[in-house]
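Structural overview
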Amino acid sequence: ITQQVQTVLRQREIRDLMEQLRKEGSTVCYIAVDSADVLALETVLNQVRSEWGTFSAILHSSGHQEEARLDSKTNEQFTGVLQANLAGIENLLALTEKDALALIGFLSPSLHESGSAGQVDYAMSTEILNRIACAEAHRRGGNSVVRSINWALFDDGTWTAHAKEALASEGIGLVPRRQSGRVIVDELANHTRGDIQVVLSPRRGA
């Protein structure tokens, strides 16, 4: 039931965001595709190019996780998290290699910086994404703004009191969503800053 409720809330949030963007004068198109399926992804990208032209920006967010401590995590869970969070961006970068991208943004949790029990594979995928961002920035030679933003977990209303207590016991704080969103937009819009990796996270206490 909880998963169904979260799915409905996410769909409602997407519709609300699209409506807000339209009110601001933007043309919005939402297409769901498995980015790990390179052929399906290529079909969608070509469809978008035929209607709107070449791409000018990419914003990638990783989100697949399998919570379990390392000594009880299966190989399938471990590799599944890495595959889900990394294969899509590798395909996307390869398929947009010839597009004049002005912005490439990576958004992922700062678990590799703060730590979280049961999320070692997720933390690994975040750090790999950071390295991919650095390599992409070097490859494009300053022609694109590249940011890999590792954000703290958002207090988006879906966290239970028990989950918040568990995170707090590990020294992990939740950041107000609006505050994080504003900082992320500012980072992506800053063309003068040279940093590629940016960590937005309350640090663990001493």
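Whatever comes next refers back to the structure up there.
Residues numbered from 1 in each chain as written. Predicted model: local features only at pLDDT ≥ 70, side-chain atom pairs only at ≥ 80, totals over all residues. Heavy atoms only, no water.

Okay, the sheet that holds strand β6 (residues 197-200) next. Spatially, the 4 strands line up as an open sheet ordered β1-β2-β3-β6, and their pairing is parallel. The open sheet has two edge strands with one neighbour each: β1 (57-61) and β6. Taking the axes of each pair of neighbouring strands and ignoring which way they run, one obtains an average angle of 15° across the sheet. Where β1 lies against strand β2 (residues 103-109), 5 bridges are found, and the strand directions are parallel. When the bridges of β2 are listed, Ile58 appears paired with Ile104. (Pairing = 2+ DSSP bridges. Helix = DSSP H or I, 4+ residues; strand = E, 2+ residues; numbered from the N terminus. Axes fitted to C-alpha atoms, helices over the stretch in contact; angles between N-to-C directions.)

Our focus in this paragraph is the pattern of salt bridges. Scanning all chains against the criterion turns up 5 salt bridges. Among the ionic pairs, Glu136 bridges to Arg140, the shortest N-O distance being 3.0 Å. In this pair, Glu136 and Arg140 are both assigned in helix α5 (residues 120-140), 4 residues apart and thus about one turn of the helix distant. The exposure class of Glu136 is buried, given its relative accessible area of 8%. Shared partners join several salt bridges into a network, and the residues in it are Glu97, Glu136, Arg139 and Arg140. (Salt bridge = Lys/Arg side-chain N within 4 Å of Asp/Glu carboxyl O. Buried < 20%, exposed > 50% of the residue type's maximum accessible area, 1.4 Å probe, protein only.)

Soluble globular proteins tend to bury their nonpolar side chains together. Within the largest apolar cluster, 19 residues are counted, with the highest numbers of intra-cluster contacts made by Ile89, Leu93 and Phe106. Counting only elements with at least two residues in this core, the list comes to α2 (38-52), α3 (75-95), β2 and α5. Looking at this core, the element that brings in the most residues is α3, giving 5 residues. Non-local contacts of Phe106, meaning those with residues more than four positions away in its chain, are made with His60, Ile89, Leu93, Leu129, Ile132, Ala133, Val146, Arg147, Ser148 and Ile149. Judged by nonpolar contacts, the second largest core, of 7 residues, contains Leu107, Ile149, Ile184 and Leu200. (Core = buried A, V, L, I, M, F, W, Y, C linked by side-chain atoms within 4.5 Å. Contact = heavy atoms within 4.5 Å.)

Next up on the list: the pairing of β6. For a regular strand, side-chain orientation follows a simple rule: the groups alternate between the two sheet faces. Here β6 shows one buried face, formed by Val198 and Leu200, and one open face, formed by Gln197 and Val199. When strand β3 (residues 145-151) meets β6, the two strands line up parallel, connected through 4 bridges. Bridge pairing links Asn150 to Val199 in β6.

That's the geometry; what it means functionally is another story.
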